[in-house]
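Descriptive structure summary
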Amino acid sequence: MVATSPTAFPTETYNSPDTSGLRYVITSDRPLSERSPNQELLPISARVNEADHLEVGGCDVVELVQRFGSPLYILDEQGLRSACRHYREALAQHYPGEALAVFASKAWSCQAVAAIVASEGLGTDVVSGCELQTSLIAGVSPDRIVFHGNNKSRVELEQAIAAGVTVIVDNWLELETLASLTVDLPEPLPVMVRFTPGIECHTHEYIQTGHIDSKFGFDPDRMGAVFEFLSKTPSLTCTGLHAHIGSQIFETQPHVDLPQVMVGWLKLAREYGLPVNTLNVGGGLGIRYTEHDDPPSIDAWVKTVATSMQAACQAAGLDELPRLMCEPGRSLIGSSCITAYTVGSQKDIPGMRHYITVDGGMSDNPRPITYQSVYRAAIANKMSAPATETVTIAGKHCESGDVVIKDAQIASTQPGDILIVMATGAYNYSMASNYNRIARPAAILVSDGEANVIIARETNEDLMRFDRLPTRLQA
Ligand code: LLP
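Residues numbered from 1 in each chain as written. Predicted model: local features only at pLDDT ≥ 70, side-chain atom pairs only at ≥ 80, totals over all residues. Heavy atoms only, no water.

**Description of the overall build of the chain**
Scanning the chain from terminus to terminus reveals 12 helices and 20 strands. A compact globule built from 475 residues would reach a C-alpha radius of gyration of about 23 Å, and the chain, at 23 Å, matches this within 12%. Buried positions account for 56% of the 475 residues belonging to the chain. Partitioning the intrachain contacts of the chain with sequence separation of at least 6 by distance along the chain shows that 70% fall at a separation of at least 24. Working note: accessible area of the chain is about 19500 Å², and carbon and sulfur atoms make up 50% of it. (Helix = DSSP H or I, 4+ residues; strand = E, 2+ residues; numbered from the N terminus. Rg over C-alpha atoms; globule rule 2.2 N^0.38 Å. Buried < 20%, exposed > 50% of the residue type's maximum accessible area, 1.4 Å probe, protein only. Contact = heavy atoms within 4.5 Å. Areas by Shrake-Rupley, 256 points an atom, 1.4 Å probe, with all protein chains shown as cover.)

Laid out in structure tokens, this is it:
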């Protein structure tokens, strides 16, 4: 599936709806390698080909749907790798000490994604036994895996210990369980401790985690007690401290403040004799979902964190810089995926609203109904058709709120057109459900004109596999 003479998108944009369908592109004249994927609406490899079709990773999106079915998650390998490199290179450039970015795999946990991030030198943050298993099978090195969670089960903790990954301890129960599980280990288990930093930021209430009223992490006023406990537990070695402020953040001030707070914690931990040498600032950098979103670039975010960490260490009189860790999820993968749907029925309510319906919705992308998230769409089989219609793109589920995009500005559509929704790489597949017993879509990875299935499409039989009919109910 090799593209013919692709047309690069024009570099400026977001003008009125009656111009071409190419308007959803980012305003950058910089070479591809320098463009920060989180600032783009479409994957960085996106082009329009001679057939006027959208092409991603050198593959024609319309052909991909014909071949792999609909709906379809289409993940651009080049975009994902580019975001990994931006993190890696920015850390190397702006932070003179040791540094590591780990992918928050809750954004999209599957073997292919984990293998790609590992091959780019990143680690992973996992939050369940199965996310851990996925990373290990994909070849992520255990010393680059951190295990999060505010209610890890005993089995998950045993799994983490057996794998030799670093556990990020969240609460007293976990601390005590770990202390008992590790008594007979030949070597102490490395742990980091998560605290709530008490830093607020402007994002959706559900995805704020750094404020004091949060279910995650120890309260800062328990710090002395936690450090005291660790100093008396030789089977645990406290190598680091963690904090995460929230997600889809555009401001930089919270990440200017966070290192100062964390360096204070580090000094206190060392007073208790703990060998703390890693400060993990979590994730949170936002991405562009619409032309109104203006997140900092990956480089700018890393520079902010790195500079403020150095300043905080200097102010605190530390001789050496601690190891800096961050956990990007959304900004690593969000912009590198689109979801392709097939347009079906339409309903016009004169003077009120025109609905067009697609063959997916809240089961493959629960973000609009959960967080009122706003997305942008285009019609992949007629990219230059003027976006003259204002329509509400509805999903197919039995729920009035199942709306993919309200008042979307798109070209006139017919049943059978391929509608794509942009920036669906983060928290879409990973939060997908089987509501209405709808099987989840396939995901494919595209690169250099090649497409590979990375998540197989579910079938009705897959869903039925978990059903059990008690004998007394059988006909
Ligand atoms: N580290 C920790 C401890 C986290 O809890 C999270 C996200 C991350 C890192 C990654 O944050 P990111 O770089 O992706 O902002 N489902 C919501 C997002 C929930 C975020 C949960 N924690 C959404 O769809 O917007």
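**Remarks on the domain arrangement of the chain**
Taken as a whole, the chain is organised into domain 1 (32-76 + 334-461) and domain 2 (148-328). For domain 1 versus domain 2, the distance between C-alpha centres works out to 35 Å. Residue-level contacts link 17 residues of domain 1 with 16 residues of domain 2. Taken together, both faces of the contact between domain 1 and domain 2 bury some 1400 Å²; the carbon and sulfur share is 53%. The interface formed by domain 1 and domain 2 holds 1 salt bridge in total. (Domains from an automatic or database assignment. Buried area = accessible area lost by both parts, 1.4 Å probe. Salt bridge = Lys/Arg side-chain N within 4 Å of Asp/Glu carboxyl O.)

**Notes on the site of the ligand**
What surrounds the ligand is a group of 20 residues, the closest being Ser247, Glu327, Arg367, Tyr371 and Tyr427. Contacts to the ligand include Ser247, whose side-chain N or O atom sits 2.4 Å from an oxygen atom. Gly284 is positioned such that a nitrogen or oxygen atom in its backbone is 2.9 Å from an oxygen atom of the ligand. Counting the residues that make up the shell around the ligand, at least three belong to each of domain 1 (32-76 + 334-461) and domain 2 (148-328). (Near = heavy atom within 4 Å. Polar contact = N/O pair within 3.5 Å; in protein donor to acceptor, adjacent residues only side chain to side chain.)

**Thoughts on the nonpolar core**
One finds Trp108 and Leu241 to be the most contacted residues of the largest nonpolar core, which totals 83 residues. No other element matches the 8 residues that helix H9 (residues 298-315) contributes to this core. Here this core spans two domains, since at least three of its residues come from each of domain 1 (32-76 + 334-461) and domain 2 (148-328). When near neighbours in sequence (up to four residues on either side) are disregarded, Trp108 contacts Tyr73, Leu75, Phe103, Val113, Ile333, Cys337, Gly425, Tyr429, Ser430, Ala443, Ile454 and Ile455. If you look at the next biggest cluster of nonpolar residues, it comprises 26 residues, including Ala46, Val56, Met383 and Ala442. (Core = buried A, V, L, I, M, F, W, Y, C linked by side-chain atoms within 4.5 Å.)

**A few points about the pattern of salt bridges**
This model, assessed by the stated rule, comprises 17 salt bridges. Among the ionic pairs, Arg81 bridges to Glu77, the shortest N-O distance being 2.9 Å. Here Arg81 pairs with Glu77, and both are found in helix H2 (residues 77-94), just 4 residues apart, close to one helical turn. Of the two residues, Arg81 and Glu77, both sit in the buried class. A salt bridge links Arg440 to Glu458; its shortest N-O distance comes to 2.6 Å. Here Arg440, found in the loop between strand S18 (418-421) and strand S19 (442-447), pairs with Glu458, found in the loop between strand S20 (450-455) and helix H12 (460-464); they are 18 residues apart in sequence, far enough to count as distant. Through salt bridges with shared partners, a single network forms among Glu77, Arg81, Arg85, Arg88, Glu89 and Glu120.

**Some words on the sheet that holds strand S6 (residues 123-126)**
The strand order S5-S6-S7-S8-S9-S10-S11-S12 describes a closed barrel built from 8 strands, whose pairing is parallel. Sheet twist, expressed as the average angle between the axes of neighbouring strands with direction ignored, equals 30°. Bridge count for strand S5 (residues 99-104) against S6 is 3 bridges, and the pairing is parallel. The residue bridging Ala104 from the neighbouring strand is Asp125, located in S6. (Pairing = 2+ DSSP bridges. Axes fitted to C-alpha atoms, helices over the stretch in contact; angles between N-to-C directions.)

**A look at the pairing of S20**
As paired elements, S19 and S20 share 5 bridges and run antiparallel to each other. Looking at the pairing, Leu445 lines up with Asn452 of S20.

**Let's talk about unusual backbone geometry**
Residue Pro71 is bonded to the preceding Ser70 through a cis peptide linkage, with omega at -5°. By the secondary structure assignment, Pro71 is in the loop between helix H1 (61-68) and strand S4 (72-76). In this model, Asp52 sits at a positive phi of 70°, which is unusual for a non-glycine residue. Mapping Asp52 onto the fold places it in the loop between strand S1 (47-48) and strand S2 (54-56). Judged by its relative accessible area of 21%, Asp52 is partly exposed. You will see that Tyr427, though not glycine, has its phi angle at about 60°, which is positive. Positionally, Tyr427 belongs in the loop between S18 and S19.

**Here's the deal with the environment of Ala442**
Within the element layout of this structure, Ala442 appears in strand S19. Classification of Ala442 as buried rests on a relative accessible area of 4%. Taking the C-alpha atoms as reference points, Ala442 and Val302, 140 residues apart in sequence, are found 33 Å from one another. Once residues within four sequence positions are removed from consideration, Ala442 is found in contact with Pro71, Leu72, Tyr73, Ile455, Ala456 and Arg457.

**Considering the side chain of Glu174**
Within the secondary structure layout, Glu174 lies in helix H6 (residues 172-182). One polar contact links Glu174 to Lys152, side chain to side chain, over a distance of 2.7 Å. Those residues in contact with Glu174, other than ones at most four positions away along the chain, are Gly149, Lys152, Leu157, Val167, Ile168 and Val169.

**A few points about H6**
Buried residues of H6: Glu174, Leu175, Thr177, Leu178, Ala179 and Thr182, and no others. Lining the buried residues of H6 we find helix H5 (154-163), strand S8 (166-169), strand S9 (189-194), helix H7 (223-231) and strand S10 (236-242). N-capping of H6 is provided by Asn171, with a side-chain oxygen placed 3.3 Å from the backbone N of Leu173.

**Quick word on the packing of H2 against H9**
One way to put it is that H2 packs onto H9 with a least axis distance of 9 Å and a crossing angle of 30°. With respect to H9, the axis of H2 lies roughly parallel. In terms of crossing hand, the pair formed by H2 and H9 is right-handed. Touching Ala83, His86, Tyr87, Ala90, Leu91, Gln93 and His94 of H2 are Ile298, Asp299, Trp301, Val302, Lys303, Ala306 and Gln310, all from H9. Of the residues assigned to the contact of H2 with H9, the class counts are 8 nonpolar, 4 polar and 2 charged. (Parallel < 35°, antiparallel > 145°, perpendicular 65-115°, else oblique. Left-handed = near helix turned anticlockwise from the far one by under 90°. Nonpolar A, V, L, I, M, F, W, Y, C, P; charged D, E, K, R; others polar.)

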